[in-house]
Amino acid sequence: MKAMRNVLGTMMVLATTGGCALHGDALRSTPATAVPAAGVVLPDTESWSVHDPAGRDYPIWVALPASYAQHPERRYPVLFVTDALYSFPLVRSVRNLVGQGGANLEDFILVGLPPQQGLTSKQSRSRDYTPTQPQRSADDDYSDDVVYGGAAHYRDFLATHVLPAVDARSRTDPARRSFAGHSYGGLFGTYVLLTRPQMFQTYILSSPSLWFDGHYIDRLEQDYAEQHRALPARVLLAIGSEETPTPDAVDGPRNDMVRDTQAFADRLRQRGYQGLQVDNRVVPGEDHLTVYPSTLTRALLQVYPGTGPYNGG
């Protein structure tokens, strides 16, 4: 299965006519001059950049909760999301709408991880979220125009530069860091879980590409199990029920991601790792492109329960 396509490639723009309604001849006689359009700015958000000593620069997007300014004494849990072009506005909206002022969801700081400056989302995520250079074959699931295998470097960059910068700029609770990723982003989260699990306390892994490079993650988990008895983390796995090959599907998935995700969850449970909580959910009727919004909403309700009672609108 190819990596998830960008659902949000660019931000929407608004154009105005200065408050004047134009109709009929007036509209037709208006000169066709280009008027710069103002970009939409999301309230209570900020963007800044972190430099990678490897010569890369990454924007970091932060959305503070509504209660942040009113409670200067309070520290907040933090959720880091990959593929921020899509996930950042999505999770921000879910937090603000579903949250209902703290009744349904506890307020948290949202941190988006966009692509490296100067690279497309495909170029950046294919390199940064994948752990190895995959073995290639004819008609495989890999692209010829990207580089793979940079997950270790990107993990260390986040740990050494991004996480401390977020903690320094915002009133975070470093003991309550969560991660959310989909597809290659979910693969990256799984890699971090098995190589540096203490980076985050909770891992929300949506449709992780566990098939990558001949199921490299399975070998990595085997290596981890041989050296560790504990895996202190909460892992929320989710997969769409349609993410499995079917005989009558012309353009369906070639990799059985439902089977892969279930097998991975079962393996983690059977290890009996100390401190590990695993939840695996198959979301009915969803495919690789549609499952993430539902997964995130349900996961946030589990990870950040509000003060209640629940208000469904």
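See the structure shown above.
**Student:** Please clarify how helix 4 (residues 151–169) should be interpreted in this entry.
**Tutor:** Since the α-helix turns once every 3.6 residues, residues separated by three or four places project in the same direction. Over its 19 residues, helix 4 extends 25 Å from the first C-alpha to the last, a length consistent with the 27 Å expected when each residue adds 1.5 Å. Along its length, helix 4 shows its largest kink, about 40°, at Leu158. For helix 4, the full list of buried residues reads Ala151, Tyr154, Arg155, Phe157, Leu158, Val162, Leu163, Ala165, Val166 and Asp167.

**Student:** What is the right way to read helix 3 (residues 121–128) from this model?
**Tutor:** Summarising burial for helix 3: six of the eight residues are buried, a large majority. Listing the buried residues of helix 3 in full gives Ser121, Ser124, Arg125, Ser126, Arg127 and Asp128.

**Student:** Would you mind going over unusual backbone geometry with me for this structure?
**Tutor:** Each neighbour pair has its own omega, and for Gly308 with Pro309 the value is -5°, a cis peptide bond. Position of Pro309 among the secondary structure elements: in the segment after helix 8 (291–303). A positive phi angle, close to 60°, is found at Ser183, a residue other than glycine. The exposure class assigned to Ser183 is buried, which follows from its relative accessible area of 1%. Of note in this structure, Asp213 is not a glycine but carries a positive phi near 50°.

**Student:** Explain the pattern of salt bridges here, please?
**Tutor:** It is possible for side chains bearing opposite charge to pair when their charged atoms get close. Applying the stated criterion across every chain, the model contains twelve salt bridges. As a salt-bridge pair, Arg177 and Asp167 come within 2.6 Å of each other at their nearest N and O atoms. Of the two residues, Arg177 is situated in strand 7 (residues 172–182) and Asp167 in helix 4; the sequence distance between them amounts to ten residues. Comparing Arg177 with Asp167, the two get one shared label, buried. Here Arg267 and Asp218 are joined by a salt bridge, their closest N and O atoms 3.0 Å apart.

**Student:** For this particular structure, what's the right way to read the packing of aromatic side chains?
**Tutor:** Centre distance and the angle of the planes are the two values used to describe a pair of aromatic rings. The final tally for this structure, using the stated rule, is 20 aromatic pairs. Ring geometry for Phe179 versus Tyr203: centroids 6.3 Å apart, planes at 45°, classification tilted. One end of the pair, Phe179, is in strand 7; the other, Tyr203, is in strand 8 (residues 202–206), and 24 residues separate them in sequence. A residue is classified by how much of its surface remains accessible, and Phe179, at 1% relative accessible area, is buried. Centroid distance Tyr184 to Trp211: 6.4 Å. Interplanar angle 40°. Geometry classified as tilted. Separated by 27 residues along the polypeptide, Tyr184 in helix 5 (residues 184–195) and Trp211 in the loop between strand 8 and helix 6 (212–227) bring together distant segments of the chain. A residue is classified by how much of its surface remains accessible, and Tyr184, at 1% relative accessible area, is buried. Across the ring face of Phe108, the terminal group of Arg95 is positioned such that the distance to the ring centre comes to 5.6 Å. In this arrangement the basic side chain of Arg171 is found over the ring face of Tyr68, its NZ or CZ atom lying 3.9 Å from the centre.

**Student:** What exactly am I supposed to notice about the environment of Val98 here?
**Tutor:** Tracing the backbone shows Val98 in helix 2 (residues 84–99). The class for Val98 is buried, based on a relative accessible area of 17%. Sequence separation of Val98 and Tyr310 is 212 residues, and the distance between their C-alpha atoms is 9.7 Å. With near-sequence residues (within four places) excluded, Val98 lies in contact with Ser93, Asn104, Leu105, Thr297 and Leu301.

The rules we used
- Residues numbered from 1 in each chain as written.
- Predicted model: local features only at pLDDT ≥ 70, side-chain atom pairs only at ≥ 80, totals over all residues.
- Heavy atoms only, no water.
- Helix = DSSP H or I, 4+ residues; strand = E, 2+ residues; numbered from the N terminus.
- Expected span 1.5 Å × (residues − 1).
- Bend = angle between axes of the 7 residues up to and from the residue.
- Buried < 20%, exposed > 50% of the residue type's maximum accessible area, 1.4 Å probe, protein only.
- Salt bridge = Lys/Arg side-chain N within 4 Å of Asp/Glu carboxyl O.
- Phe/Tyr/Trp six-rings, centres within 6.5 Å; stacked < 30°, edge-to-face > 60°.
- Lys NZ or Arg CZ within 6 Å of the ring centre and 35° of its normal.
- Contact = heavy atoms within 4.5 Å.

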